[in-house]
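Architecture and fold: a report
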Amino acid sequence: LGRMKPVIVVHGGAGRIFKEREEGCRAGVVRAALRGYGVLKQGGSAVDAVEEAVRSMEDDPHFNAGCGSVLNEKGEVEMDAIIMDGKNLDSGAVSAVKCIANPIKLARLVMEKTKHMLLTDHGAHLFAQAMGIPEIPGEKLITERSLERWKKNLEPDSNPEEFQKDLGTVGAVAIDSEGNVACATSTGGLSNKLIGRVGDTACIGSGGYADNHSGATSTTGHGESIMKVVLARLILYHMEQGMSPEVAADTALDYMKTRVGGLGGVIVVNKAGEWAARFSTKQMSWATVKDDNLHYGIHAGEKHIKSVDEALASEREGF
């Protein structure tokens, strides 16, 4: 088998990205893509690459995952994450986890250290302790912005639906030089959600799916809508029918919109290393690296291209 050219694609969430946050979101997805690509270039696996990219965005307060996650009705951060290996369809996920910095790391441990695929809430917490994952105070994950939004949504005349449009789930998909694909997705969920609400992110086939036979995808957007159509798996199904990543993504997003009125965004890579970043929302921050070129954008039709060397140089100078 010929060596594959590695590819990574990341998203920082679909929705409405406010002007003053654009720069930070762009820089955040670019940083994540470069980090994931660095892993792939050193011969790392697709699974390593997507975990690294997502961890980078969990640590970035611009995104609704890890630090910067939105708050539930009680004012707490509850997070969901999933990771999947396209080689053998192994997957690990956690839901409604609190007080850890990187849910994606915990999801990876669920995949590799247990016979299970999804641990939730208290059980996930016990497993994290057993694995020596450091606990952090819940308030360490709360940003000023999340707190403000939570308070706004508590007001009697507020419409949390309005705010949901600025979602910011994060995700990554990759293909490594061996031709293995993987996906990872992580989120703080919906602002002011009911305690214990789990959305699409932790659900295999909805928040993400990876299969070497077709490709990998990670989704973002209105979780309940994504779950209704099992969006990630639907995209791979379309690719199995012979559609390109872009057409498969658009077809599935279109179906979700017409069938259940849901908006979202997806990133896709197929087994040939072709990629797509598509969305039906106003915006989605995304970045990809292939052939040592970085592509990134936020608005529909927007696409910047830089060489990786140039991007890494400006990265060191602080974007």
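Reading guide: rules and limits
Residues numbered from 1 in each chain as written. Predicted model: local features only at pLDDT ≥ 70, side-chain atom pairs only at ≥ 80, totals over all residues. Heavy atoms only, no water. UniProt positions renumbered as here; feature names shortened; annotations may be inferred. Helix = DSSP H or I, 4+ residues; strand = E, 2+ residues; numbered from the N terminus. Buried < 20%, exposed > 50% of the residue type's maximum accessible area, 1.4 Å probe, protein only. Contact = heavy atoms within 4.5 Å. Pairing = 2+ DSSP bridges. 1 Å grid on protein atoms, 1.4 Å probe; cavity = no way out; pocket = protein on both sides within 12 Å on 5 of 7 lines; lining within 4 Å. Axes fitted to C-alpha atoms, helices over the stretch in contact; angles between N-to-C directions. Parallel < 35°, antiparallel > 145°, perpendicular 65-115°, else oblique. Nonpolar A, V, L, I, M, F, W, Y, C, P; charged D, E, K, R; others polar. Salt bridge = Lys/Arg side-chain N within 4 Å of Asp/Glu carboxyl O. Arc of directions from axis to C-beta.

Our next topic: the UniProt feature "active site" (unreviewed entry) in the protein. The UniProt feature table records "active site" (unreviewed entry) at Thr169. Within the element layout of this structure, threonine 169 appears in the loop between α6 (160-163) and β5 (170-175). With a relative accessible area of 6%, threonine 169 lands in the buried category. Those residues in contact with threonine 169 that lie beyond four places of it in its chain are His11, Gly12, Gly13, Asn64, Thr185, Ser186, Thr187, Thr201, Thr219 and Thr220.

Summarising the sheet, strand β9 (residues 264-270) and strand β10 (residues 275-279) pair through 5 bridges and their orientation is antiparallel. Residue pairing across strands places glycine 265 opposite phenylalanine 279, the latter belonging to β10. In sequence, β9 turns back onto β10 through a hairpin of 4 residues, with glycine 273 there showing a positive phi of about 85°.

What follows is about the UniProt feature "binding site: substrate" (unreviewed entry) in the protein. As annotated in UniProt, the feature "binding site: substrate" (unreviewed entry) corresponds to Arg197, Val198, Gly199, Asp200, Thr220, Gly221, His222 and Gly223 in the numbering used here. Considering only the residues just annotated, the second largest cavity is lined by Arg197, Gly199, Asp200, Gly221 and Gly223. Counting through the fold element by element, aspartate 200 comes out in the loop between β6 (181-187) and β7 (208-211). Beyond its immediate stretch of four places on either side in the chain, aspartate 200 contacts Ser206, Gly207, Thr219, Gly223, Ile226 and Met227.

A word on the packing of helix α3 (residues 103-113) against helix α4 (residues 121-130). For the pair α3 and α4, the least separation of the axes is 11 Å and the interaxial angle reads 80°. Comparing their axes, α4 and α3 come out roughly perpendicular. Across the interface between the two elements, Leu106, Leu109, Val110 and Lys113 from α3 touch Ala124, Phe127 and Ala128 from α4. When the residues that make up the contact of α3 with α4 are grouped by side-chain class, the tally is 6 nonpolar, no polar and 1 charged.

Take the pattern of salt bridges next. Here the structure, examined in full by the defined rule, presents 21 salt bridges. The salt bridge involving aspartate 292 is made with lysine 41; its shortest N-O contact spans 3.5 Å. Residue aspartate 292 is located in the loop between β11 (283-290) and β12 (293-299), and its partner lysine 41 is located in helix α1 (residues 19-41); the two are separated by 251 residues in the primary sequence. A salt bridge links glutamate 76 to lysine 74; the shortest N-O distance between them is 3.7 Å. Take glutamate 76: its relative accessible area is 24%, and that puts it in the partly exposed class. On the basis of relative accessibility, which here comes to 54%, the residue lysine 74 falls in the exposed class.

Turning next to α4. Given 3.6 residues per turn, any residue in an α-helix points the same way as the ones three and four places further on. Along α4, the positions that sit buried rather than exposed are Ala124, Phe127 and Ala128. Along the axis of α4, the buried residues cluster in a sector spanning 105°; they form a single face. Away from its buried face, by an angle of more than 90 degrees, α4 presents the exposed residues His122 and Ala130. Elements in contact with the buried residues of α4: β3 (90-97), α3 and β4 (118-120). Looking one or two places after α4, you find glycine 132, whose phi comes out positive at around 75°.

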